[in-house]
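Secondary and tertiary structure notes
Here is what each chain is made of, one letter per residue.
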Amino acid sequence: MNRGSSIAMALIFFLQVTVAVTANSTLPVITDGGQTDELNKELIHWTVTNSGDVITVGADGNVSLNALNNGILSTQWTVFLSVNANSARVDNAGELIVVAHQTGVQVVQISSQSVFQTINTTNPVDDASFDHQGDLWIAQFAGKRMATEYDTNGLTGSTSPVITSGISAFEILSDGRLVLASYDKKIYVTSNSGDLLTTLTEPTAIIGSLEETSDGVLLAGSNGGTVHKYDTNSWATSSMSLSHGKQVVSMNHRGDFMFGIGAKQGEISFINSSTLAEIETYTGSGNVIGYLAEFTGQLYIAGTSPTWTRIHFYDLDSDLDGVNDLNDAFPNDNTQTTDSDDDGYGDDANGNNPDAFPNEATQWADLDGDGYGDNPIGVDGDLFPNNSDQWSDIDGDGYGDNRNGEAGDQFPEEATQWGDLDLDGYGDNADGYKPDSCPMLNGFSSADRYGCPDSDLDGYSDPDEDWTVLDGADALSEIGSQWQDQDSDGYGDSAQGSTPDACPWEYGLSTKAWVLDETSSIGYSEEPSYGCLDNDGDGWVDRTESPLMDIDPNEHFDADGDGVGSNSDYDDTRSFIQTEQDHCLTDKNDTSEACQGWNNPAFQAYLAGQNETGLNFFSWNASEQTDSSSTGALNVDDDTLFQVIKVGGIAFVCLTGLILLIAFMVNKRKGATAKKTYGDLSSSQTNQASMEALEGKGGISAQGGVISDSVWDDDVANFDFEDESNGFEDMELKDDSALPEAGAMTYDEESIEAIAGMPSPQQSTEKSIVEPEVSEESRPSEAPPLPEGGLPDGWTMDQWQWYGHEWLAKYGKN
């Protein structure tokens with residue numbers, strides 16, 4: 001590589017670094033940003049290229065080019081040497097890197113990412129570096145204890161003197177001189193031909209690192225944390241002790257007079273090489289082998305150990321708020337340091353531009369303080385940023401979804417409705433969905449109109465002046481299962497509702513009806529039936545009532561079809577019994593009190609004379625018996641007497657007819673007997689014979705009698721002169737005094753004359769015939785004379801002997 005080009009690139013690098021440092025070698029304020037990356041291996045070298053990349057060499061000798069982004073080391077390529085490396089250096093041109101290891105040296109060309117040169121040795125090589133002519137010097141700290149020069153062809157023959165105490169550090173000055181620090185705490189300076197030029201004895205501790213500055217100064221760092229400064233021309237010296245006192249392990253430029261002194265235990269101090277003053281010390285971890293200083297002032301420190309390498313970060317604190325710029329989301333605002341959601345608004349509520357929603361990147365402001373961000377397109381965006389009661393509007397009608405808040409939407413999911421003054425769930429917008437027909441009245445009707453009072457909650461509104469039944473209002477507003485009543489009779493038309501109208505086409509007030517029922521004893525049963533014709537108002541459907549029962553409000557059924565309803569009919573199974581009287585007069589076996597009363601004319605007459613309810617039969621009968629025993633006479637009122645006379649008259653007529661019929665038959669029988677006894681009395685001779693018989697002179701005239709066998713019956717019964725049984729043999733007259741005295745007998749309408757065939761009683765006197773008391777001793781000695789017509793029809797001579805004088809007294813003059 002052209003050495004001039006290498007020098008030019010180095011100058012550019014130094015100029016870039018110088019930009020980051022002020023003229024007086026001060027550092028920007030940076031703070032600890034913590035560890036940013038960790039590698040699971042030990043690094044022995046760290047160099048930052050002119051492009052800002054990092055060349056690293058591991059303890060395994062592998063050479064890598066890495067990018068450091070936000071503290072993370074990312075490998076771009078690696079040349080694997082797989083050796084036990086001790087140290088590594090990059091030439092001034094930044095093109096070659098030499099790796100010293102246990103068996104020699106290998107040079108890697110960075111641009112080609114390949115091994116450029118290999119030198120094998122029998123002893124370990126501890127360090128190696130290029131001189132100003134491009135030749136390679138290798139230093140063997142133990143064993144040979146000297147430095148040997150190589151060119152591209154091999155050994156050049158130039159060596160340093162042998163350092164008896166061993167070499168602890170090695171450096172080649174820009175003019176080719178060699179500087180070797182020894183374990184005897186001395187520094188030996190030789191020419192490139194091997195001549196010892198000077199020995200420096202000022203260090204009081206072993207020097208572990210040597211570095212030449214660009215202004216002819218040699219810096220030497222000791223194990224005790226002391227930095228010695230030598231003028232490479234006069235070898236004038238000065239020193240400083242680092243504040244941490246740790247062993248120096250590396251030294252790297254940072255500007256003209258700025259050096260970073262890396263030490264063990266993670267310490268790195270930046271000093272001014274001109275004044276030899278410690279500017280700032282930072283703490284990382286491990287043995288600090290290098291660092292990377294950003295142009296903006298941030299610092300990455302690389303510390304290593306046998307098992308790991310860690311990168312620690314120090315960042316600027318531009319706003320001096322105590323938080324470095326890398327960790328400060330607002331490096332120029334000392335009132336804000338964090339921005340959890342990275343939305344550009346600080347998490348500190350008391351700082352500038354505070355984030356009201358520090359964990360939500362899409363929201364940061366909340367002017368109305370309702371907890372919803374003012375960014376309408378963000379998460380939980382506030383569509384009403386100036387109204388703390390509202391934030392969302394699902395239906396987009398301009399009214400907030402919080403019903404109870406200012407400008408609240410009572411219908412947050414219905415864009416055509418928002419207000420509901422009566423809070424009944426129906427919107428006040430007449431042109432919207434399901435508008436409230438009664439916006440000032442809380443109501444829940446939904447069938448005929450919305451939002452009006454609905455007393456029975458069946459969906460149909462109660463009628464009012466502006467909305468009647470004809471408009472669709474509830475005709476039965478108190479019955480939840482009915483709403484329509486087309487015949488206006490008070491019974492709803494819904495068959496499934498309460499008291500459904502069985503006849504919705506006609507007005508009617510019925511509540512029940514008779515229906516055929518084969519299981520019923522009467523063939524019918526009662527069934528609810530509302531709203532049909534019921535002209536008599538008894539609740540029964542007229543068309544189901546028995547004939548004539550539809551006009552009687554007290555009757556509805558007539559089982560026996562006698563025209564008297566079952567409610568009034570004493571026995572609705574028999575048409576001829578309608579009242580209790582009918583029953584009692586028909587059923588003589590019923591001896592109940594009621595029937596005894598009905599069958600007692602006197603009791604009925606008593607009841608007829610009472611203005612109010614009188615005594616029952618048993619009570620009345622008892623009172624009557626009491627009255628009879630006290631008065632000795634039976635008091636019968638006119639009505640009772642009339643009833644008795646009426647019944648007796650009917651019985652008399654019937655009995656009279658019967659007697660006349662019997663008399664006629666008996667008379668016919670006696671006529672036939674008379675012919676047998678006296679002959680035919682129809683002629684004058686017969687009459688003469690009759691008279692003779694009556695006068696006891698029968699047979700004198702020799703006329704009459706039976707003159708022919710034709711008048712006798714064919715069968716003549718034998719005469720039986722034994723007494724016939726009269727059925728009273730068991731009855732003995734124990735006491736003749738017990739027999740009642742014969743009294744007068746009164747004949748009203750039937751008399752012996754009628755039986756005897758005498759003239760009709762209408763032709764006789766109305767006075768009763770009193771039959772005198774007679775006995776066997778008073779029997780007339782002879783019969784009275786017979787009338788001109790002979791013995792009256794039906795009379796016997798015995799009767800005539802006893803009673804003939806009476807007949808003559810009555811009828812003889814006729």
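You'll find the structure just up there.
These remarks concern the structure in this document.

Re the sheet that holds strand β10 (residues 127–130)
Pairing in this open sheet of 4 strands is antiparallel, and the strands run β10-β11-β12-β13 from one edge to the other. The open sheet is flanked by β10 and β13 (154–159), the only strands paired with a single partner. Ignoring strand direction, the axes of neighbouring strands in this sheet form an average angle of 30°. Bridge count for strand β11 (residues 136–140) against strand β12 (residues 146–151) is 5 bridges, and the pairing is antiparallel. Looking at β12, one finds that Ala139 is bridged to Ala147.

As for the state of the cysteines
Taken as a whole and assessed by the stated rule, the structure comprises 3 disulfides. Here Cys438 pairs with Cys452 through a disulfide, and the sulfurs are 1.9 Å apart. Taking the torsion about the S-S bond as the criterion, the Cys438 to Cys452 disulfide, at about 90°, is right-handed. Placement of Cys438 in the loop between β28 (309–316) and β29 (512–516) and of Cys452 in the loop between β28 and β29 is noted, with a sequence separation of 14 residues between them. The disulfide bridge from Cys503 ends at Cys532, spanning 1.8 Å between sulfur atoms.

Examining the packing of aromatic side chains
One pass over the structure, following the stated rule, counts 21 aromatic pairs. Pairing Tyr345 with Trp364 gives two aromatic rings, centres 5.0 Å apart and planes at 5°, and the pair type is stacked. Pair noted here: Tyr345 is in the loop between β28 and β29 and Trp364 is in the loop between β28 and β29, with a separation of 19 residues, a long-range link. Tyr345 sits in the partly exposed class, given a relative accessible area of 25%. Residue class for Trp364 comes out partly exposed when judged on its relative accessible area of 25%. On the basis of an interplanar angle of 55° and a centroid distance of 5.2 Å, the ring pair of Phe603 and Trp620 is categorised as tilted. Residue Phe603 is found in helix α4 (residues 601–608), and its partner Trp620 is found in helix α5 (residues 617–631); the two are separated by 17 residues along the sequence. Residue Phe603 shares its accessibility class with Trp620, and that shared class is buried.

The rules behind each value
- Residues numbered from 1 in each chain as written.
- Predicted model: local features only at pLDDT ≥ 70, side-chain atom pairs only at ≥ 80, totals over all residues.
- Heavy atoms only, no water.
- Pairing = 2+ DSSP bridges.
- Helix = DSSP H or I, 4+ residues; strand = E, 2+ residues; numbered from the N terminus.
- Axes fitted to C-alpha atoms, helices over the stretch in contact; angles between N-to-C directions.
- Disulfide = S-S within 2.5 Å.
- Phe/Tyr/Trp six-rings, centres within 6.5 Å; stacked < 30°, edge-to-face > 60°.
- Buried < 20%, exposed > 50% of the residue type's maximum accessible area, 1.4 Å probe, protein only.

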